[in-house]
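This is what each chain is made of:
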Amino acid sequence: MNIKVIMWSIFFLIVMGLYKMGEGVIFVEGLRIQFAAVIIISITIYYYIDRARSGADIYLRTIPGLKALEEAVGRATEMGKSVLFVPGISDLDQVETITGLNILGHVAEHTAKYETSLNVPVSKSIVMEAGREVCKEAYLRAGRPDLYYDDMVHYVTEEQFAYTAGITGIMERDKPAACFYLGKFYAESLILAEAGNSIGALQIAGTGSYSQIPFFVTACDYTLIGEEFFVASAYLSKKPELVGSIKGQDIVKLLVMIAIALTVVLNGFFQSGWISFDILSYL
Amino acid sequence: MFLKRHVPLLIVIGVGLLTLFGHFIQYKSIQDFVNNDAMQWFDIIASFAIFLGALNMLKLQVIKIIKKQKNWQYSILAVAGFAFVIFAGFFYRGANFITISGFENDKLPELSSIIAEELNEDSPYFIQTKILASQTENTEYEIDKRFLTAGAAKRFMEKLTPYVENINLEAKIWGSHVLMEGSLFYWIFFYIKTPLELAMFSLLAFFVASASYRAFRIRNFEATLLLIAGIILMLGRVPIGGLIPWWVGSTIFILGICAIAAPFIRGRKILVGMVGGGIIFSIIMGTLMGWNQNPPSIFSIPVIQDWIFAYPTVAGSRALKIGIGLGIVATSFRIIIGLDRSFLGE
């Protein structure tokens, strides 16, 4: 067995031993399984990051929505129109917003490269500041800092439907050729996507709000579903350590599947009276 | 570089680790920080940051007006709206109210009637009881209405003057006025902002229809499945769904089975024969088995609808939720260990 796997297994056992010893004194009682899950997930992801760093080849399947990012910017360039990027209506305390901003960096790099105008209306001031920083760096990376200006990331309003009205207004007036909806969305998702559809824009969406995904799937050309959205930044950056974390994430998913199957089987045995051990009492 | 890159990164890593492991550490100060203080810090920072956003919005709109850029007329409305709300929030309170004291008992019924009429209250007796209670407690009676302008309040005061000894006009304190009926801010909120937002929200109904039309267009097997599931869900959720006879349900089943089998059947005639034969066979069998009197629940549209909602839908949404949850965990992990710094512009 791989020496690193043994090392990490020993580390896990030591940490869990410490938790058991300190349970009720230093550590909260009754959260052992949650703590073990956090440690296992962290170790698995870190292990694959480490493997990727040491040069292991990691296969990533093609994600059409992410491949289409450059195509969308290219289309806007050919048509001489702008690119609209909406990072959702939540603040920077949501992982979806951070993921959206990460992808904004890649979109901004393409708009800088193709000299296409980029419009990023935001609904939170902190997101505006972070978005500006991301775009500035992206334009610098693309070697076109002269094309960057602060107001390409601009504030509209905090209110959900006022923000939606503002963006649909921008769409109707400017008729962008490509629209990106990448962040956290609620009821406004369908209004935005349908407005974009009505102007014939190429639309790419991605969100962590699972109830909004069907709306985006219906109205957009490409939708990043579920974890596809969260791996976007790592996928696009092609940095080995980030790509490694995607592999780690997939392995965790496999572990979750095994845990679900095992729980179903063990609970079935328990309910049939074949075993006296109730797995659900541990969850 | 140090202040712009390393310090924010250290804060992110420190607070991230503290929040993650604070959940497991039995130490009140840490848990207080994680559950309350950290959230409040964020709220405070976000509240101050709003000035940046508001100023940015105002700057862009004013520039548009000054330079008379395309559609600059709309910007006048945006700036005027901004100024109007600032005026209502910081400079004009409204929320005037009237207090009265010193009543003669024989004039009380008339006084109560006038107040009840102003408050749109059906029973003056209710007002009279309140006035008497204030008299017993030796306190002033505050009329339960806020007036937007002092002029409107004064006009009402004139009606009350013959019935009371002391009558005063006051205004609610600054700050509380934004949540109080009768203030200008409240009026803007409920009579301008709320209807506008509801108008925007109601657009969803039309967009749902157009999006459903696109989604339900029969293009491939998945779209057909979506269309059938959609129709069953819509029918099963309305009373008429319960009246649909069993043979419609059995026909849907046969169509579903044939749709799955269709790619494996080469001859079109065989497929048509399968569908037609299956439907006729099921109807004859059902009639012979007495399903007209006692139909099996499996062919009831509301039951099928419940099943679709409880199993395939839940299975699909849970798969999505698990994927999203893992995505959030992995992204958070990358951020906490400082591996993913794209949000800092790197």
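Being a predicted model, the structure only gives us computed values, none of them experimental.

A few points about the overall build of chain B
So, step 1. In terms of regular secondary structure, chain B is built from 12 helices and three strands.
So, step 2. By the compact-globule yardstick of 20 Å for 346 residues, chain B is too spread out, its C-alpha radius of gyration being 34 Å.
So, step 3. Pairs at least 24 residues apart make up 66% of the contacts formed inside chain B by residues separated by at least 6 positions.

Focus: the interface of chain B and chain A
Many authors give the size of an interface as the accessible area that is lost as the parts come together.
So, step 1. Tallying the contact residues gives 47 residues for chain B and 59 residues for chain A.
So, step 2. Only helix H2 (28-66), helix H7 (184-216) and helix H12 (312-336) of chain B provide two or more residues apiece to the side of chain B that touches chain A.
So, step 3. Considering each element in turn, the side of chain B that touches chain A owes the most residues, 16 residues, to H12(B).
So, step 4. Its residues placed into classes, the side of chain B that touches chain A shows 29 nonpolar, 12 polar and six charged.

Concerning the confidence of the model for chain B
So, step 1. Averaged over every residue, the pLDDT of chain B is 88; the share at 70 or more is 99%.
So, step 2. Scoring the predicted complex yields pTM 0.85 and, for the interface, ipTM 0.88.

Overview of the sheet that holds strand S3 (residues 164-171) of chain B
All names here are of chain B.
So, step 1. The antiparallel open sheet is built from three strands, whose spatial order is S2-S1-S3. Each of the sheet's edge strands pairs with one partner strand only, and the pair in question is strand S2 (141-142) and S3.
So, step 2. Note: strand S1 (residues 96-103) against S3, seven bridges, orientation antiparallel. Note that in S3 the partner of Thr99 across the bridge is Asn168.
So, step 3. Against the sheet, helix H6 (residues 150-160) contacts S1 and S3, and its axis sits at roughly 170° relative to S3.

Points about the pairing of strand S4 (residues 178-184) of chain A
All names here are of chain A.
So, step 1. With seven of seven residues buried, S4 is to be regarded as a mostly interior element.
So, step 2. Note that strand S1 (residues 83-88) and S4 share five bridges and pair parallel. Residue pairing across strands places Val86 opposite Tyr181, the latter belonging to S4.
So, step 3. Pairing between S4 and strand S5 (residues 202-207): six bridges, direction parallel. When the bridges of S5 are listed, Leu182 appears paired with Gly206.
So, step 4. Regarding the hand of the β-α-β motif, the stretch spanning S4, helix H7 (residues 188-198) and S5 is right-handed.

Observations regarding the domain arrangement of chain B
So, step 1. We note that the domain assignment places domain 1 (2-90), domain 2 (92-179) and domain 3 (217-313) within chain B.
So, step 2. For domain 2 of chain B and domain 3 of chain B, the distance between their C-alpha centroids amounts to 67 Å.

Let's talk about the nonpolar core
Residue and element names in this part refer to chain A.
So, step 1. By size, the foremost hydrophobic cluster in this structure holds 88 residues, and its most contacted members are Ala178, Phe180 and Tyr181.
So, step 2. Split by domain, the residues of this core number at least three in each of domain 1 (3-59 + 238-282) and domain 2 (64-230).
So, step 3. Residues contacting Phe180, with those up to four places away along its chain left out, are Leu84, Phe85, Val86, Val107 and Ile204.

A few points about helix H4 (residues 95-114) of chain A
Residue and element names in this part refer to chain A.
So, step 1. The end-to-end C-alpha separation of H4 is 29 Å, in line with the 28 Å expected for 20 residues at 1.5 Å each.
So, step 2. Of all the 20 residues making up H4, 18 are buried; the element is thus mostly covered by neighbouring parts of the structure.
So, step 3. Directly beyond the C-terminal end of H4, a positive phi value near 60° is found at Glu115.

Definitions and limits used
- Residues numbered from 1 in each chain as written.
- Chains lettered and ligands numbered in written order.
- Predicted model: local features only at pLDDT ≥ 70, side-chain atom pairs only at ≥ 80, totals over all residues.
- Helix = DSSP H or I, 4+ residues; strand = E, 2+ residues; numbered from the N terminus.
- Rg over C-alpha atoms; globule rule 2.2 N^0.38 Å.
- Contact = placed C-beta atoms within 7 Å.
- Nonpolar A, V, L, I, M, F, W, Y, C, P; charged D, E, K, R; others polar.
- pLDDT = per-residue confidence, 0-100.
- Pairing = 2+ DSSP bridges.
- Axes fitted to C-alpha atoms, helices over the stretch in contact; angles between N-to-C directions.
- Buried ≥ 20, exposed ≤ 12 C-beta atoms within 10 Å, placed from the backbone.
- Right-handed = clockwise from strand over helix to strand, strands pointing away.
- Domains from an automatic or database assignment.
- Core = buried A, V, L, I, M, F, W, Y, C linked by C-beta atoms within 7 Å.
- Expected span 1.5 Å × (residues − 1).

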